[in-house]
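# Observations on the three-dimensional arrangement
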Amino acid sequence: MERLFYRPNDAATVLSMSRTAIFRLIKTGELRSIKRDGYRLIPAAALLDFARALEAKEVA
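Residues numbered from 1 in each chain as written. Predicted model: local features only at pLDDT ≥ 70, side-chain atom pairs only at ≥ 80, totals over all residues. Heavy atoms only, no water.

### Notes on the overall build of the chain
Within the chain, the secondary structure is distributed over three helices and three strands. Beginning at the N terminus, the succession of helices and strands in the chain can be written as β-α-α-β-β-α. Here the C-alpha radius of gyration of the chain, 11 Å, is about what a compact globule of 60 residues would show, namely 10 Å. Principal-axis analysis of the C-alpha atoms gives the chain an extent of 40 × 30 × 15 Å. When each of the 60 residues of the chain is scored for burial, the buried share is 28%. Here the chain has roughly 4600 Å² of accessible surface; of this, 53% comes from carbon and sulfur atoms. Charged side chains of the chain number 11 positive and 7 negative; the gap between the two group centres comes to 9 Å. (Helix = DSSP H or I, 4+ residues; strand = E, 2+ residues; numbered from the N terminus. Rg over C-alpha atoms; globule rule 2.2 N^0.38 Å. Buried < 20%, exposed > 50% of the residue type's maximum accessible area, 1.4 Å probe, protein only. Areas by Shrake-Rupley, 256 points an atom, 1.4 Å probe, with all protein chains shown as cover. Lys, Arg positive; Asp, Glu negative; His and termini not counted. Charge placed at Lys NZ, Arg CZ, Asp CG, Glu CD.)

This is the structure we're talking about:
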């Protein structure tokens with residue numbers, strides 16, 4: 001089964017970014033996340049959406 005959610009450290013690895021960059025993207029609303037019981041989860045779909053949006057900006 002594919003992963004449905006990623007912790008910020010794992011999301012940083014997937015996107016080849018720093019953990020700090022991930023939290024900055026979350027703060028600005030560019031990357032969706034869920035806060036649950038004191039920890040943050042990033043849906044796999046949010047990572048794909050972010051990557052697609054980033055690619056679209058490059059093409060435009």
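### As for the pairing of strand E3 (residues 39-43)
Judged from the two bridges that link them, strand E1 (residues 5-6) and E3 form a sheet pairing that is antiparallel. Opposite Tyr 6, over in E3, you have Ile 42 as the bridge partner. Sheet topology note: the strand E2 (residues 34-36)/E3 ladder contains three bridges and is antiparallel. Paired with Ile 34 across the strands is Leu 41, a residue of E3. With antiparallel pairing between neighbouring strands as the criterion, E2 and E3 make up a hairpin whose turn holds two residues, including Asp 37 at a positive phi of roughly 50 degrees. (Pairing = 2+ DSSP bridges.)

### Here's the deal with the nonpolar core
Core analysis: the biggest nonpolar cluster contains 13 residues, and Ala 11, Ile 22, Leu 31, Ile 42 and Leu 47 have the highest contact counts within it. Of all the elements, helix H3 (residues 44-59) adds the most residues to this core, at four residues. Here Ile 42 is in contact with Leu 4, Phe 5, Tyr 6, Pro 8, Ala 11, Ile 22, Ile 26, Leu 31, Arg 32, Ser 33 and Leu 47, once residues within four sequence places are set aside. (Core = buried A, V, L, I, M, F, W, Y, C linked by side-chain atoms within 4.5 Å. Contact = heavy atoms within 4.5 Å.)

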